[in-house]
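# Structural overview
Now for the letters of each chain:
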Amino acid sequence: MHISQKISETKAFLKIIRDKKISIAFVPTMGALHRGHLSLLEEARRNNDFVVCSIFVNPIQFNNKSDLENYPRDVQRDIRLLESAGCDFLFQPTESEMYPEPVTETFEFGNLDKVMEGKFRPGHFNGVAVVVKRLFEIVKPDRAYFGLKDFQQVAIIKRVVKDCEIPVEIIPCRTVREEDGLAMSSRNQLLTQEDRKQAVIIHEALTRVKDQVGSFTLEELKAQVLDLFGNFRNAKLEYFDIVDMYTLEPISSWTESKHVIACIAVYFGKVRLIDNIILFS
Ligand code: AMP
């Protein structure tokens, strides 16, 4: 695996690859890799000739300073994992390489960033859009792989690609879970043992909602989830929203949309976890 911290070197290296007319896949990450990330790499490996991964803890997408400071980092372990997953090239820029000047670029997402993650993490998606657009300009991939655990992020990235006319195919990939159902996340390792055990309730609540769609009104199911989290002293529910999968607009009855997803964000202590489940589509 070739590793570079430099934009110019990465561009030059990948130009030679591109000139060979072979397909380039890209998997952007913030490191502290787990099986969720590796599943994106495996998917990329299966369907492309050359696989590029990036590791960059993007400061401008963190709206909370301590979240950025505490974000897990273990680059040596990540490199070992990437090598065994068959990654061909790792782009691992520094902050000054990515942002030599203060960032002023702003994006318009319509409703997509007014709800859920966008509502509770002001500026988050603008920071995501800035970094992903820059990374796409550097790597110029044919296909880029993103996890559906971050469902709203996938919608935002599709919008950026469309609005900026970036010639890349976005491939959404299914969420990889721990054996007990908890969605894999780099932040899981920050949970206390007790909170880690309790965090299984997130996926349990979502699957319970999915199982009961036909039996209760939407308001009844939302109330049940709020009640459920009320009983967990360690957990603080930030939002539980049932929305249209394309517009991300909250719906108020089951007949309002044919494509419906439930999305949730929960704090265990200072650790914020998100997850989602498609209710029907
Ligand atoms: P991150 O390093 O958290 O920015 O994530 C990098 C990519 O991995 C994003 O596209 C995430 O959606 C994806 N990802 C993170 N966790 C999972 C998971 N449990 N299953 C599948 N993809 C994931």
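So, here is what we can say about the structure in this document. This one's a predicted model, so the numbers in the text were calculated from it and none came from an experiment.

Of note in the backbone geometry, Lys21 takes a positive phi value of approximately 60 degrees without being a glycine. As for its position among the elements, Lys21 is in the loop between α1 (7-19) and β2 (24-29). Classification of Lys21 by relative accessible area gives exposed; the value is 75%. Positive phi is not limited to glycine here, since Glu165 has a value of about 50 degrees. Its place among the elements puts Glu165 in the loop between α8 (151-163) and β6 (169-173).

Formed by 47 residues in total, the largest nonpolar core has its most connected members in Met98 and Phe136. The element best represented in this core is helix α7 (residues 124-139), accounting for ten residues. One finds Ala199, Ile202, Ala235 and Trp254 within the second-largest nonpolar core, a separate group that totals 28 residues.

The next point concerns α1. Spacing of three or four residues puts side chains on the same side of an α-helix, whose turn is 3.6 residues. Between its first and last C-alpha, α1 extends 18 Å over 13 residues, near the 18 Å set by a 1.5 Å rise per residue. Regarding α1, the residues found buried are Ile7, Thr10, Leu14 and Ile17. For α1, the angular spread of the buried residues around the axis is 90 degrees, confining them to a single face. Exposed and facing more than 90 degrees away from the buried side of α1 are Ser8 and Ile16. Turning to α1, the residues buried within the fold contact β1 (2-4), β2, β3 (50-55), β4 (89-91), α5 (95-98) and α7. At the C-terminal side of α1, Lys21 shows a positive phi close to 60 degrees.

Cut-offs applied
Residues numbered from 1 in each chain as written. Predicted model: local features only at pLDDT ≥ 70, side-chain atom pairs only at ≥ 80, totals over all residues. Heavy atoms only, no water. Helix = DSSP H or I, 4+ residues; strand = E, 2+ residues; numbered from the N terminus. Buried < 20%, exposed > 50% of the residue type's maximum accessible area, 1.4 Å probe, protein only. Core = buried A, V, L, I, M, F, W, Y, C linked by side-chain atoms within 4.5 Å. Expected span 1.5 Å × (residues − 1). Arc of directions from axis to C-beta. Contact = heavy atoms within 4.5 Å.

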